[in-house]
Amino acid sequence: MLAITGLDYIAAQQALIDAFRGNYPRKPKSLDDVALILGELRSQLRDLKFSREQIQRIQDAGTVLDPIPVLTNQGGVVGHSMIDGQAFHANDALFCMTKDTRVHASIEQRHIAFIRTNKAVTVTFADGTKAIGTIEGFTGTADDLRRDASIKVSDQQKAIGEPVSISITFEHWERFHPKATSSMWRYDYEPRGAERTRLRTLLGEPNVALPVKRTVKNVAPSMADANPFAPGRLLSKRPERTPPNPFNTPLMAVPKAAILRPSLPIGTTDFVKWTISTEPAKVQALAPEWRRLAQVATTGRNGDVCAMLAQFDGVFCPATWRPGDVIRAGAQLGHIEIGIQADADSGSPSTSEQQANNVSRIESVYADHDGVAMNESGEQRHVRVGEMLVELRTVNMYTFRTGLPDAEFAQLPRVVTAALYAPSAQVPEYVNRSALITAQSRSHGNTMFDISFSSEAGAFQINWGKYVVLTAETDRRKVLSVPTDSIVQISRSSEVLVHSAIGKLTPVPISCGARYGDQVEVLSGLEEGHRVVRDLKLLFQEWPNIRAIMSGFWRPQS
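Computed from a predicted structure; not experimentally measured.

Student: Can you lay out the overall build of the protein for me, pointing to particular residues and giving the numbers?
Tutor: The helix and strand inventory of the protein stands at 11 helices and 31 strands. Buried positions account for 42% of the 558 residues belonging to the protein. The contacts of the protein with a sequence gap of at least 6 include a subset with a gap of at least 24, amounting to 71%. A total of about 30700 Å² of accessible surface is found on the protein, and carbon and sulfur atoms cover 50% of it.

Student: Could you give me a rundown of the layout of surface pockets, with the residues and numbers involved?
Tutor: If you add up the space inside the largest pocket, you get close to 880 Å³. The wall of the largest pocket is formed by 24 residues, among which Arg291, Thr484, Arg515, Gly517 and Asp518 lie closest to the centre. Every element with two or more residues in the lining of the largest pocket is listed here: strand 11 (289–300), helix 9 (406–411) and strand 29 (504–516). Along the lines of polarity and charge, the residues of the lining of the largest pocket split into 10 nonpolar, 5 polar and 9 charged.

Student: Which residues make up the sheet that holds strand 14 (residues 326–327), and what are the values?
Tutor: If you trace the 4 strands from one edge of the open sheet to the other, you get 12-19-17-14, paired in antiparallel fashion. Either end of the sheet is taken by a strand with one partner, and the two such strands are strand 12 (305–309) and strand 14. The pairing of strand 14 with strand 17 (residues 371–374) spans 2 bridges and is classified as antiparallel. Across the sheet, the residue bridging to valine 326 is valine 372, located in strand 17.

Student: Break down the sheet that holds strand 15 (residues 332–338) for me, citing the residues and quoting the values.
Tutor: Strand order in this open sheet of 4 strands is 16-15-13-18, and the pairing throughout is antiparallel. With partners counted over all chains shown, the strands left at the sheet margins are strand 16 (361–366) and strand 18 (381–383), one partner each. Each neighbouring strand pair of the sheet contributes to a mean axis angle of 35 degrees, computed without reference to strand direction. Pairing geometry for strand 13 (residues 314–318) and strand 18, over 3 bridges, is antiparallel.

Student: A description of the packing of aromatic side chains should follow, citing residues and the corresponding values.
Tutor: Across all of its chains, the model carries 4 aromatic pairs by this definition. Taking 4.7 Å as the distance between ring centres and 25 degrees as the angle between the ring planes, the aromatic pair formed by tryptophan 274 and tryptophan 543 counts as stacked. Of this pair, tryptophan 274 sits in the loop between helix 7 (268–273) and strand 9 (278–280) while tryptophan 543 sits in the loop between helix 10 (536–542) and helix 11 (544–551); the two residues are 269 residues apart in sequence, bridging distant segments of the chain. Ring geometry for phenylalanine 400 against phenylalanine 453: centres 5.5 Å apart, planes inclined by 90 degrees, an arrangement best described as edge-to-face. Here phenylalanine 400 is found in strand 20 (residues 397–405), whereas its partner phenylalanine 453 is found in strand 24 (residues 446–454), with 53 residues between them in sequence. Assessed through its relative accessible area of 1%, phenylalanine 453 is described here as buried. Each residue in the set Phe400, Tyr430 and Phe453 is aromatic and connected to the rest through ring pairs, giving one cluster. One cation-aromatic arrangement involves arginine 291 over tyrosine 421; the distance from NZ or CZ to the ring centre is 5.4 Å.

Student: Now, about the nonpolar core: what can you tell me, with residues and values included?
Tutor: Core analysis: the biggest nonpolar cluster contains 22 residues, and Phe400, Leu412, Ile437, Phe449, Ile451, Phe453 and Leu470 have the highest contact counts within it. If you list the elements that add at least two residues to this core, you get strand 11, strand 20, strand 21 (415–421), strand 22 (430–436), strand 24 and strand 25 (465–471). Counting residues in each nonpolar core, the second largest holds 18 residues, with Val103, Ile135, Val153 and Ile168 among its members.

Student: Could you give me a rundown of helix 2 (residues 31–47), with the residues and numbers involved?
Tutor: Across its 17 residues, helix 2 extends 25 Å between first and last C-alpha, which sits within 8% of the 24 Å expected from 1.5 Å per residue. Within helix 2 the residues assigned to the buried category are Asp33, Val34, Ile37, Leu38, Leu41 and Leu45. The buried side chains of helix 2 occupy one side of the element, clustering within an arc of 140 degrees when seen end-on. In helix 2, the exposed residues that point more than 90 degrees away from the buried face are Asp32 and Asp47. Residue lysine 49 follows helix 2 closely and has a positive phi angle near 75 degrees.

Student: Break down the pattern of salt bridges for me, with residues and values.
Tutor: Counted according to the given criterion, the structure contains 12 salt bridges. The partner of arginine 477 in a salt bridge is glutamate 521, with the nearest N and O atoms 2.9 Å apart. Placement of arginine 477 in strand 26 (residues 477–483) and of glutamate 521 in strand 30 (residues 519–524) is noted, with a sequence separation of 44 residues between them. Of the residues examined, arginine 477 reaches a relative accessible area of 40% and is grouped as partly exposed. Through salt bridges with shared partners, a single network forms among Glu279, Lys282, Asp485 and Arg534.

Student: Mind laying out the side chain of aspartate 450, listing which residues take part and the relevant values?
Tutor: Here aspartate 450 is to be found in strand 24. By relative accessible area, which is 8% here, aspartate 450 ends up buried. For aspartate 450, the side chain forms a polar contact with the side chain of arginine 401, separated by 2.6 Å. A distance of 3.1 Å separates polar atoms of two side chains, one belonging to aspartate 450 and the other to glutamine 440. Apart from the residues within four sequence positions on either side, aspartate 450 is in contact with Thr399, Phe400, Arg401, Leu436, Ile437, Thr438 and Gln440.

Student: Please give an account of the confidence of the model for the protein that cites residues and values.
Tutor: Averaged over every residue, the pLDDT of the protein is 75; residues scoring 70 or more account for 75%. Of the regions scoring below 50 in pLDDT, residues 208–236 engages in 66 contacts with residues more than four places distant in sequence or in other chains.

Student: An account of the side chain of glutamate 521 is needed here, citing residue identities and associated values.
Tutor: The class of glutamate 521 is buried, set by a relative accessible area of 9%. Separated by 2.9 Å, the side chains of glutamate 521 and arginine 477 make a polar contact. Setting aside anything within four residues of it in sequence, one finds glutamate 521 in contact with Arg477, Val479, Leu480, Ser481, Ser511, Cys512, Gly513, Ala514 and Tyr516.

Student: I'd like a rundown of helix 11, residues and numbers included.
Tutor: Among the residues making up helix 11, those that are buried are Ile546, Ala548, Ile549 and Met550. Elements that come into contact with the buried residues of helix 11 comprise strand 8 (264–265), strand 27 (488–490), strand 28 (493–501), strand 29 and helix 10. Positive backbone phi, at 85 degrees, marks glycine 552, one or two positions downstream of helix 11.

Student: Could you give me a rundown of unusual backbone geometry, with the residues and numbers involved?
Tutor: Although it is not a glycine, threonine 275 adopts a positive phi angle of roughly 50 degrees. A positive phi is found at aspartate 535, a non-glycine position, where the angle reads about 55 degrees. Structurally, aspartate 535 can be placed in the loop between strand 31 (531–533) and helix 10. By relative accessible area, aspartate 535 is classed as buried at 6%.

What counts as what
Residues numbered from 1 in each chain as written. Predicted model: local features only at pLDDT ≥ 70, side-chain atom pairs only at ≥ 80, totals over all residues. Heavy atoms only, no water. Helix = DSSP H or I, 4+ residues; strand = E, 2+ residues; numbered from the N terminus. Buried < 20%, exposed > 50% of the residue type's maximum accessible area, 1.4 Å probe, protein only. Contact = heavy atoms within 4.5 Å. Areas by Shrake-Rupley, 256 points an atom, 1.4 Å probe, with all protein chains shown as cover. 1 Å grid on protein atoms, 1.4 Å probe; cavity = no way out; pocket = protein on both sides within 12 Å on 5 of 7 lines; lining within 4 Å. Points joined across faces, edges and corners; volume = space filled by probe spheres on them. Nonpolar A, V, L, I, M, F, W, Y, C, P; charged D, E, K, R; others polar. Pairing = 2+ DSSP bridges. Axes fitted to C-alpha atoms, helices over the stretch in contact; angles between N-to-C directions. Phe/Tyr/Trp six-rings, centres within 6.5 Å; stacked < 30°, edge-to-face > 60°. Lys NZ or Arg CZ within 6 Å of the ring centre and 35° of its normal. Core = buried A, V, L, I, M, F, W, Y, C linked by side-chain atoms within 4.5 Å. Expected span 1.5 Å × (residues − 1). Arc of directions from axis to C-beta. Salt bridge = Lys/Arg side-chain N within 4 Å of Asp/Glu carboxyl O. Polar contact = N/O pair within 3.5 Å; in protein donor to acceptor, adjacent residues only side chain to side chain. pLDDT = per-residue confidence, 0-100.

Encoded structure:
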């Protein structure tokens, strides 16, 4: 039974304030004893459900927080407590009381046949927390289309009637047949064809449709009313993230770039209702990334011959390749020393003033795709623009063509790590760690370029499309960064929403640098540790208060 009276509530705070003023409840014998006394007083406040920030405010300001005595009619754990000074209306939730209880879910009968005794399930609560539970049993008869399952969740205390979802994962042998057991299963996959038929025959059952992993929404028990104090549902348009936490510690002060900007006051109830997730700005080693949709421009067959041509005059210094050597795309074929101009008649170096400078620049020559070296003498020689440097007999390869704005293309190194993705895939289908970037044309501020992949990448046809992610691993460096989804563009300003104190979100203008996958470099406006709100663009669209405060239409303190 949790019972807090007003007198006890005030006395515990006053005892801590008096101790910081030198009036200890007992005479200390040493400095260690003083620390022990203060620790006991803080522990009393924690037992009364004071947060760490409230205890710090009491001892720093030396003032007692005005209490509202709250009595509960059941044992449990307090969650989502109100903060000092927060406004509320009649019937608002002052805090949530959670308790250990069973979860009741409605499951289709055709899935129940595949569920074994004590089957483990994953229970996801409305605030994003997850727990592993076990199915204790079912109500109803086998003739019912749906039956209610009772799920026991250990070490979880939640409010009665709170909406949840459950997820059941079936192993291969569980999905195969209701009578299958783990001891009889010797496969790493679902058997097909004759092997599948043989196993079905041994089990004495015909082929039936396999169940798949499903997420079943819980139907609240009819005897329990919906809990008015339960936090809001997760927004369907936004990905699942770390459960909302209005009491992130440590919270840094408002950045200097927003010292005069108004802040959005937000209570803990709304913080949870809006499912606000935050992440600190971090200094980490990142490599620039570019993601673009690319199309197959050309394909090559085994044995096709292509020639590497000089792009400028100079002396070609070949690498140690011999005819028959296998060359991977991106491998260095040699380099050209620019500045020694060949004479048009004799082919010998001229005696111009430029020869006196000898080498003014060195350019490396790389293989465009996989192949086998042919007809290479291995000797240094003078070359002119367009002259053949080396021949390659190609291995099956595919050339993908895409484009980038000129400014971004200028940042690309010649050799990058390139990965192929299906449109909605999160895992690459193939990675080329030494892909060569070859510029083809420029128009309307964009540069079109080619990337080659070997036949190991798969079988493609002309005009097939894939997403290509380019990573400049050689440019990896430590930068201060925030997630891309924490930035919203307002006019010409890049804005983030900083969680700088409990109950306060402040818009902050930042200056952005290079993009590193799902991270963006922050050049100014933030410091390491400032917590920014995730999924800001969606929040900006869904909640008028956030849109108003960030667009400058609302000044709450005025």
